[in-house]
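# Examining the three-dimensional arrangement
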Amino acid sequence: MSKVATRFAPSPTGALHIGGVRTALFNWLFSKNQKGTFHLRIEDTDKERSKDEHKIQIIKSLKWLGIEHDGEEYIQSTKIKDHVDVANELIRKW
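Values in this document were obtained by computation on a predicted structure and should not be read as measured data. Throughout, residues of each chain are indexed from 1 in the direction in which the sequence is written. Given that this is a predicted model, residues contribute local features only at a pLDDT of at least 70 and side-chain atom pairs are listed and counted only at 80 or more, while totals for whole chains, interfaces and linings are drawn from all residues. The side-chain values count all of the structure's non-hydrogen atoms but skip hydrogen atoms and water molecules.

### Structural notes on unusual backbone geometry
Stated precisely, the cut-off is as follows: Only DSSP runs of H or I with at least four residues qualify as helices, and only runs of E with at least two residues qualify as strands; both kinds are numbered from the N terminus onward.
Phi angles above zero are rare outside glycine, and Lys35 is one such case at about 60°. In this structure, Lys35 sits in the loop between α1 (18–33) and β2 (37–42).

### Remarks on the sheet that holds strand β3 (residues 74–75)
Counted only if it meets this: What makes two strands pair is DSSP finding at least two bridges between them. The contact criterion used is simple: two residues touch if any of their non-hydrogen atoms lie within 4.5 Å. For helices, the fitted line uses only the C-alpha atoms of the stretch in contact; every axis is such a line through C-alpha atoms, and the angle between N-to-C directions lies from 0 to 180 degrees.
Spatially, three strands are ordered β1-β2-β3 in an open sheet, and the strand pairing comes out parallel. In this open sheet, the two strands that pair with only one neighbour each are β1 (5–8) and β3. With four bridges connecting them, β1 and β2 associate as parallel partners. In the strand pairing of β2, Phe8 is matched with Leu40. α1 contacts β1 and β2 of the sheet and is inclined by roughly 165° relative to β1.

### Side note on the nonpolar core
The criterion, for reference: Here, the term nonpolar core denotes a set of buried Ala, Val, Leu, Ile, Met, Phe, Trp, Tyr and Cys residues that are joined through side-chain atoms within 4.5 Å. Each residue gets one of three labels from its accessible area relative to the maximum for its type: buried under 20%, exposed over 50%, partly exposed in between, using a 1.4 Å probe on protein chains only.
Judged by nonpolar contacts, Phe8, Leu16, Val21, Ala24, Phe38, Leu40, Ile42, Ile58, Leu62, Ile67 and Ile75 together constitute the single largest core of 11 residues. In terms of residue count, the dominant contributor to this core is β2 (three residues).

### What about the pairing of β2?
Selection rule: Throughout, right-handed denotes a crossover for which the path from the first strand over the helix to the second runs clockwise when the strands point away from the viewer.
Counting buried positions over the six residues of β2 gives five, a clear majority of the element. Handedness of the crossover joining β1 and β2 through α1: right-handed. As paired elements, β2 and β3 share two bridges and run parallel to each other. The residue bridging Ile42 from the neighbouring strand is Ile75, located in β3. In the classification by handedness, the crossover that spans β2, the intervening helix α2 (residues 52–65) and the parallel β3 is right-handed.

### Comments concerning the pattern of salt bridges
Opposite charge on two side chains allows them to pair when their charged atoms are near. Our working rule: Any carboxyl oxygen of Asp or Glu within 4 Å of a side-chain nitrogen of Lys or Arg constitutes a salt bridge here.
Across all of its chains, the model carries eight salt bridges by this definition. Two residues, Lys47 and Asp44, come together in a salt bridge whose shortest N-O distance is 3.7 Å. Judged by its relative accessible area of 53%, Lys47 falls in the exposed class. For Glu89, the salt bridge identified is with Arg92, shortest N-O distance 2.5 Å. One end of the pair is Glu89 and the other is Arg92, both in helix α3 (residues 80–93) and three residues apart, which spans about a single turn. Take Glu89: its relative accessible area is 32%, and that puts it in the partly exposed class.

Written out as structure tokens, the structure is:
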């Protein structure tokens, strides 16, 4: 059977709110109950509204709550080139 992997993917366009905490907590508890992994993926592709101070606040708040992700957090904007490359490959094959 495959190992369970869950994630929480907030947009850093504002402070972490109770709805985000609930989602992160549910996914974290589920993955830990199943002996899986929990990942944090920061969805910072909205460059106009995303702010580093919000990203830092989200990461610190989750840690304060005891919700710790496995490995490094994924920063979505650092993967844009990979997404473009895959899209171009799909277009080329089509």
